[in-house]
Amino acid sequence: MNKVRASLHSRVHNWIDTVGFRLNTSDTNQKNNITTRHYFFETFNFIERSNSSEPEKSKFLCFDTYGETMKVRSLLDLQSAFFENLSQLK
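The shown structure was predicted, so the numbers you read here are calculated from the model rather than taken from an experiment.

One open sheet holds the 5 strands; their spatial order is S1-S2-S3-S4-S5, and the pairing between them is antiparallel. Two strands bound the open sheet, and with one partner strand each, they are strand S1 (22-29) and strand S5 (69-72). On average, each strand axis in the sheet is tilted by 20 degrees relative to the strand beside it, whichever way the strands run.

See below:
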């Protein structure tokens with residue numbers, strides 16, 4: 001299971017670099033060593049919560065300007081939400 005999660009983490013980061021997402025904010029809770037990063041591209045946003053010692057256990061949550069949220073369990077979930085959001089802009 002850890003290999004699947006590590007793969008999701010690396011796939012998501014490769015995809016966001018390719019698309020051109022920008023890092024808006026990054027906060028680290030020193031007590032439990034959890035880093036929260038907020039990425040955005042036009043009207044689409046998502047949050048990544050990760051522990052620096054265990055990046056394979058990162059959790060992703062995406063949301064749009066309309067307040068719709070979705071937990072990301074695969075790269076396909078994130079891509080589907082992203083392209084649906086872009087199609088609504090036109």
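What follows deals with the pattern of salt bridges. Enumeration according to the criterion identifies 2 salt bridges in this entry. Among the salt bridges present, the one from glutamate 48 reaches arginine 37, with a minimum N-O distance of 3.7 Å. Of this pair, glutamate 48 sits in strand S3 (residues 44-51) while arginine 37 sits in strand S2 (residues 34-41), and the two are 11 residues apart along the sequence. Glutamate 54 is the salt-bridge partner of lysine 57, the closest N and O atoms lying 3.5 Å from each other. Under the relative-accessibility criterion, lysine 57 is labelled partly exposed at 41%.

Rules and cut-offs
- Residues numbered from 1 in each chain as written.
- Predicted model: local features only at pLDDT ≥ 70, side-chain atom pairs only at ≥ 80, totals over all residues.
- Heavy atoms only, no water.
- Pairing = 2+ DSSP bridges.
- Helix = DSSP H or I, 4+ residues; strand = E, 2+ residues; numbered from the N terminus.
- Axes fitted to C-alpha atoms, helices over the stretch in contact; angles between N-to-C directions.
- Salt bridge = Lys/Arg side-chain N within 4 Å of Asp/Glu carboxyl O.
- Buried < 20%, exposed > 50% of the residue type's maximum accessible area, 1.4 Å probe, protein only.

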